[in-house]
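Given next are the chains, with one letter for each unit.
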Amino acid sequence: MKTTHSKLAEKFIADEPRTDWHDETLWFVREKRDKAAHGLPEWEQLREWASQIKNHTLSNLSDYLKEFEEKAKANGIIVHWAENGAEHNKIIHGIIQRHKIQKIVKSKSMLTEECHLNEYLQQYNIEVVDTDLGERIVQFRKEPPSHIVLPAIHLKKEDVSATFHEHLGTEKGNNDPQYLTEAARQHLRDKFVQSELAITGVNFAVAETGGFVVCTNEGNADMGAHTAAIHIACMGFEKIIPKAEHLGVFLRLLARSATGQPITTYSSHFQKPRPGQEMHIVIVDNGRSKQLSREDFRNSLKCIRCAACFNTCPVYRRSGGHSYHTAVAGPIGSILNPNLDMKANADLPFASTLCGSCTNVCPVKINIHEQLWKWRQVIAAEGYTDATKKIGMNAMAFLFSKPSLYRFAGKWGRWMMRIFPFVTNNKLNIWYKQREMPESPKESFRDWYLKNGKINRN
Amino acid sequence: MSARENILNAIATNQPSLVPLPVIERNAVIDYEDRYAQFKTVLESIGGKVKLIQNLTELKKQFIADKASGNFVINAVADLGELDNQVASMQASDMEKVEKTYIKATLGVAENGAVWVYESQMQNRLLPFICQHLIIVIDKKDIVATMHQAYESIDVAKEGFGAFIAGPSKTADIEQSLVIGAHGARSATVYVVE
């Protein structure tokens, strides 16, 4: 493991006011979500329907995908299949080469981030312009998004102002979000109007119709897809739902869970290419079929990427998205990423308090915190926990299995902490980091109980 | 074997045993005593404007004035006057200059302030997104309670494209400050005809 969540988080929290600000900003989004959810008396019923629709879909997934492919083809959409990120990138590169394309715009797609499409195309000197405002900001800064819905949530307006001053020549020190957004609008309009190829993600693909839905607030997916001669939509295969009427359930849940909005500004239903346009869909596996085989974790494929679990997570809010070192951060990312690479992402299921808040807000009822706990067991059994944790756990297991030794050690430990506090209160003890050690009691609960338990019971 | 077969085989092998689809009880969801009032409240809360009109007379007057102003105005509402059919074959570079667009929507949704627009009602898919200001006309009787009723009334597979549009283009990507007018229309006004 080269980078770990705790090491990266340490960097983030070094700036305490910024950590607090990040925490408060995301909590504000979480509160908006609550308000939106409470506005619908049937909220819990909606979650239940969504969860059941997804359970059913996963249980009939291969047939739904075949149905979708057949209908999409009949609609004039060209369907591709990619087993992994490399194949996904190659397919897109092939289309670009065939048409000798220069100008490419992309609307937000976490799948292309997962497959590292931009970096891949850069090797061939092909530049892709990210058009979601937050994504454009982080693209200028050569950073990955830190949040799947709010890609630049870790940045303050001063940071955006400096970035735009450097890349777009905006006024130095002008931090007005309205002014900065207008600059991005003008800059990106040029890119849209000139674009030859547009790449979008897919929020929902409908088996029954062979069409797909893309949701944005900015309208960037539409500006790209309706302008360019070629539209490529990239989807993880779990984005499929059986029927168009099910969109009613999911569109009611998605934006409310994500940002507290009643619906995204644009929910665009792509059915056929426009006359003269070429429309492609790339259906990607990239580890998803493997996750489907893991009974304890297949539920994670129900995710609709609303990021409600990010916004509520006490660890995410205080450690920032980049500390998760993966395209999808937060609680759901900590379940999805060990499936992709268990060794490289063995740290992520431990980046959680297991408080269960993520599970409580999930619109499709994924048992996120239980899966995090299960991953910890798998990762420990596979031997991917780091050495200090392993030694500590083994020592504790030894101690806890020997009651008299445990009592003896406890007695000495309490005495030691009282008389020589520096033995525990020092830099070598990682539990002492950012924490006060507890005051050591004179006797253990057991000793107290042996003395007083009987009396108190009478 | 092809990627397609590999993926579909892996899925077929790994998917759990079949569970049934739930029945979506449409009677179990919210309805509003005054759907128009709800539609207006929600749409205005997300940056849109709503105006109730008795008939199209007033709007026609505004439309004629808009046309006469010299701005690039596109009409896609047959009841308002001559349709600007030329927009169907227009390129993005020309449409970029469109100041105002009038379109008719199939229905409005009370719970979220969205309206459904078919491609045929847009004349050109790009139009409602690239124009600076969007005027949408709906009939009051076409405001449904929730998305469930909306999907009952429309057929998403009927045309090549269609969209729910809820207010003007917006973003909150800079410090969560809401800014209206990201890439798409800077304003969206829905005229609801009694």
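Right, let's walk through the structure included here. Just so we're clear, the structure is a prediction, and the values are computed from it rather than from any experiment.

Scoring rules and cut-offs
Residues numbered from 1 in each chain as written. Chains lettered and ligands numbered in written order. Predicted model: local features only at pLDDT ≥ 70, side-chain atom pairs only at ≥ 80, totals over all residues. Heavy atoms only, no water. Helix = DSSP H or I, 4+ residues; strand = E, 2+ residues; numbered from the N terminus. Buried < 20%, exposed > 50% of the residue type's maximum accessible area, 1.4 Å probe, protein only. Contact = heavy atoms within 4.5 Å. Areas by Shrake-Rupley, 256 points an atom, 1.4 Å probe, with all protein chains shown as cover. Expected span 1.5 Å × (residues − 1). Salt bridge = Lys/Arg side-chain N within 4 Å of Asp/Glu carboxyl O. Buried area = accessible area lost by both parts, 1.4 Å probe. Polar contact = N/O pair within 3.5 Å; in protein donor to acceptor, adjacent residues only side chain to side chain. Nonpolar A, V, L, I, M, F, W, Y, C, P; charged D, E, K, R; others polar. Pairing = 2+ DSSP bridges. Axes fitted to C-alpha atoms, helices over the stretch in contact; angles between N-to-C directions. Phe/Tyr/Trp six-rings, centres within 6.5 Å; stacked < 30°, edge-to-face > 60°. Lys NZ or Arg CZ within 6 Å of the ring centre and 35° of its normal.

1. Points about the overall build of chain B
Next, step 1: Helix and strand counts for chain B come out as seven helices and eleven strands.
Next, step 2: Referenced to the eigenvectors of the C-alpha coordinate spread, the extents of chain B come out at roughly 65 × 45 × 40 Å.
Next, step 3: For chain B, with 194 residues in total, the buried portion stands at 57%.
Next, step 4: Of the contacts formed within chain B by residues at least 6 apart in sequence, a portion of 73% connects residues at least 24 apart.
Next, step 5: Accessible surface for chain B amounts to roughly 7,900 Å². Of this, 48% is attributable to carbon and sulfur atoms.

2. Points about helix α10 (residues 177-194) of chain A
An α-helical segment advances 3.6 residues per turn. Residues three or four places apart therefore align on the same side.
Next, step 1: Compared with the 26 Å implied by 1.5 Å per residue over 18 residues, the 26 Å span of α10(A) between its first and last C-alpha is a close match.
Next, step 2: Turning to α10(A), its buried residues are P177(A), L180(A), T181(A), A183(A), A184(A), R185(A), H187(A), L188(A), R189(A) and F192(A).

3. Comments concerning the pattern of salt bridges
Next, step 1: Going through the model one piece at a time under the given rule, you end up with 35 salt bridges over all chains.
Next, step 2: In this structure, K106(A) engages D130(A) in a salt bridge whose closest nitrogen and oxygen atoms are separated by 2.9 Å. With a gap of 24 residues between them, K106(A) in strand β2 (residues 104-106) and D130(A) in strand β3 (residues 128-130) connect regions that are remote in the sequence.
Next, step 3: Note on D130(A): relative accessible area 3%, which makes it buried.
Next, step 4: Put simply, R252(A) and E111(B) hold a salt bridge, and the shortest N to O gap is 2.9 Å.

4. Some details on the interface of chain A and chain B
Next, step 1: If you look at the interface, chain A gives 96 residues, while chain B gives 73 residues.
Next, step 2: When chain A packs against chain B, close to 6,700 Å² is buried across both sides, 62% of that on carbon and sulfur atoms.
Next, step 3: Linking chain A to chain B there are five salt bridges.
Next, step 4: Notably, a salt bridge pairs R186(B) with E182(A), separated by 2.8 Å at the nearest N-O pair.
Next, step 5: Here chain A is connected to chain B by 38 residue pairs in polar contact (both at pLDDT 80 or more).
Next, step 6: Of the residues belonging to the side of chain A that touches chain B, the class tally is 42 nonpolar, 30 polar and 24 charged.

5. Some thoughts on the sheet that holds strand β1 (residues 78-82) of chain A
Think of a sheet as strands paired side by side through backbone hydrogen bonds, with each pair either parallel or antiparallel.
All names here are of chain A.
Next, step 1: Pairing is parallel across the open sheet formed by six strands, whose spatial order is β1-β10-β7-β4-β2-β3. Of all strands in the sheet, those with a lone pairing partner are β1 and β3, marking the two edges. Across the sheet, the axes of successive neighbouring strands diverge by a mean angle of 20 degrees, strand direction being ignored.
Next, step 2: Sheet analysis places β2 next to strand β4 (residues 197-200), joined by three bridges and oriented parallel. Bridging across to β4, I104 finds its partner in L197.
Next, step 3: Against the sheet, helix α4 (residues 61-74) touches β1, β7 (230-236) and β10 (278-284), its axis set at about 145 degrees to β1.

6. Some thoughts on the packing of aromatic side chains
Next, step 1: Tallied over the entire structure, the rule returns 21 aromatic pairs over all chains.
Next, step 2: Note on Y120(A) and Y124(A): the rings are 5.4 Å apart at their centroids and 55 degrees apart in plane angle, and the pair reads as tilted.
Next, step 3: A relative accessible area of 40% means that Y124(A) is categorised as partly exposed.
Next, step 4: Pairing W415(A) with F420(A) gives two aromatic rings, centres 6.0 Å apart and planes at 85 degrees, and the pair type is edge-to-face.
Next, step 5: Judged by its relative accessible area of 33%, F420(A) falls in the partly exposed class.
Next, step 6: Each member of the aromatic cluster is reached from another via a ring pair, and the members are F212(A), Y266(A), F270(A), F129(B) and F161(B).
Next, step 7: The side chain of K54(A) reaches across the aromatic face of F250(A), ending 5.5 Å from its centre.

7. Some details on unusual backbone geometry
As a rule of thumb, non-glycine residues mostly have phi less than zero, and peptide bonds are mostly trans rather than cis.
Residues and elements named next belong to chain A.
Next, step 1: Positive phi, close to 55 degrees, is recorded for K142, a residue that is not glycine.
Next, step 2: Looking at where K142 falls in the secondary structure, it is placed in the loop between α8 (133-140) and α9 (157-168).
Next, step 3: Classification of K142 by relative accessible area gives exposed; the value is 76%.
Next, step 4: Within the chain, H325 stands out as a residue other than glycine whose phi angle is a positive 40 degrees.
Next, step 5: H325 gets classed as partly exposed once you look at its relative accessible area, which sits at 25%.

8. Topic: the pairing of β7(A)
The side chains of a regular strand alternate between both faces of the sheet.
All names here are of chain A.
Next, step 1: Buried residues dominate β7, accounting for seven of its seven residues.
Next, step 2: On β7, burial covers both faces: I230, I232, C234 and G236 on one face and H231, A233 and M235 on the other are all buried.
Next, step 3: In the sheet, β4 pairs with β7 via four bridges, with the strands oriented parallel. Looking at the pairing, I199 lines up with I232 of β7.

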